[in-house]
Amino acid sequence: MSSSDGGGDGSDPGPGNREVAHRIFAAEFDDADLDYSESDEERAPNYVVTPTGLRVNRLFAVGVLTEVESVNEQTLRGRIVDPTGAFVTYAGQYQPDEAAFLDRTTPPAFVALTGKARTFQPDDSDLVYTSVRPESFATVDADTRDRWVVSAAEATLRRVAVFAEALSMDERGDRLRARLEDAGVPTALAAGIPLAIDHYDTGTEYLEATRTLAIDALEVVADEREEVRPLDADPGGRGGADLGPLPDVPYDFEGAATPEPVGSAGAVEADGADTGAADDPTAAGTDDAASTAAVTDGGREHGGDA
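Let me sum up the structure you'll find in this document.

Counting residues in hydrophobic clusters, the biggest one holds 68 residues, and the most contacted among them are Phe 25, Leu 59, Trp 148, Leu 180, Ile 193 and Phe 253. Examining the composition of this core, we find that ten residues originate from one element, helix H3 (residues 142-167), more than from any other.

Listed below in structure tokens is the structure:
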């Protein structure tokens, strides 16, 4: 795997490097309601953690722009639909180029979106909504969308495989993060999976539903299925589902050292903020133009879905 994005080992590559833009299906992103930052520093990145443990600051999505509407005089809202659901994005006075793109694009249209993951909870509601603050848009075609679906499905299946391994381990919290990192798991997952287990109590039922979602998406692209079945499982559900086949992942779980308790001599530090792009097989790369071009060309960009 290439580490030319900087921070290929999950460490902080220094200022000026952006987070990896991850590929994730809308259905799972819509289930996310956990956001956090690893530091109180003003410029520390904010993350959304999904039920399968992806810690995402930026995401890269390709789908059909189905709707554009005015929220107020300065803000437009767009819906970008992938085979599993819809991403909601808002562009206003602080995103003039992106707002102009939404204003001039007539739905339906295939588009690629790179932006910041966000959550929002209204004061009068217990519901948490996800959205994407756009950084860039591009007009694409159906083949580009299909290639994105394939890469997002592959990334999802690998993530489920890593999460399933983590569930079988005794460690939790910082100790689990340290063990996953020692096994070679990228920071976006090693940090996110313990948080997801603690917050969502994600179990095998949800993992199997997400695995099925990814397989359905691949079958839709292959014209073997008309539509993806809904992701109806609750992350904390305990339905006793068995996990179906998953891909092998290149991490040494058996050889990973069990970390010493935090505070003991030689304890593994796992609290540092990760502000750079890890060499992450669930990621889409740090360069927006490169992300779009790689999907368009059917290629794999640095730090991308290998």
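Having seen it, we continue.
Spanning 18 residues, helix H7 (residues 204-221) covers 26 Å between terminal C-alpha atoms, matching the ideal 26 Å at 1.5 Å per step. Inspection of H7 places Tyr 206, Leu 207, Glu 208, Thr 210, Arg 211, Leu 213, Ala 214, Asp 216 and Ala 217 among the buried residues, and these make up the whole buried set. Residues of H7 that are buried sit in contact with helix H1 (26-31) and H3. Asp 223 lies just past H7 and shows a positive phi near 60°.

Going residue by residue along strand S6 (residues 76-82), you find Leu 76, Gly 78, Ile 80 and Asp 82 tucked away on one face and Arg 77, Arg 79 and Val 81 left uncovered on the opposite face. In the sheet, strand S5 (residues 58-70) pairs with S6 via six bridges, with the strands oriented antiparallel. Residue pairing in the sheet places Glu 67 in a bridge with Arg 79 of S6. Between S5 and S6, which pair antiparallel and follow one another directly, the connecting turn spans five residues. In this structure, S6 lies alongside strand S7 (residues 85-91), joined through seven bridges in antiparallel fashion. The residue bridging Val 81 from the neighbouring strand is Ala 86, located in S7. Linking S6 back to S7 in an antiparallel pair, the connection comprises two residues.

Taken in spatial order, the three strands line up as S2-S3-S4 in an open sheet, and their pairing is antiparallel. Here the strands that pair on one side only, and so sit at the sheet edges, are strand S2 (34-37) and strand S4 (55-56). In this structure, S2 lies alongside strand S3 (residues 46-49), joined through four bridges in antiparallel fashion. Across the sheet, Tyr 36 pairs through a bridge with Tyr 47, a residue of S3.

Thresholds, definitions, all that
- Residues numbered from 1 in each chain as written.
- Predicted model: local features only at pLDDT ≥ 70, side-chain atom pairs only at ≥ 80, totals over all residues.
- Heavy atoms only, no water.
- Core = buried A, V, L, I, M, F, W, Y, C linked by side-chain atoms within 4.5 Å.
- Buried < 20%, exposed > 50% of the residue type's maximum accessible area, 1.4 Å probe, protein only.
- Helix = DSSP H or I, 4+ residues; strand = E, 2+ residues; numbered from the N terminus.
- Expected span 1.5 Å × (residues − 1).
- Contact = heavy atoms within 4.5 Å.
- Pairing = 2+ DSSP bridges.

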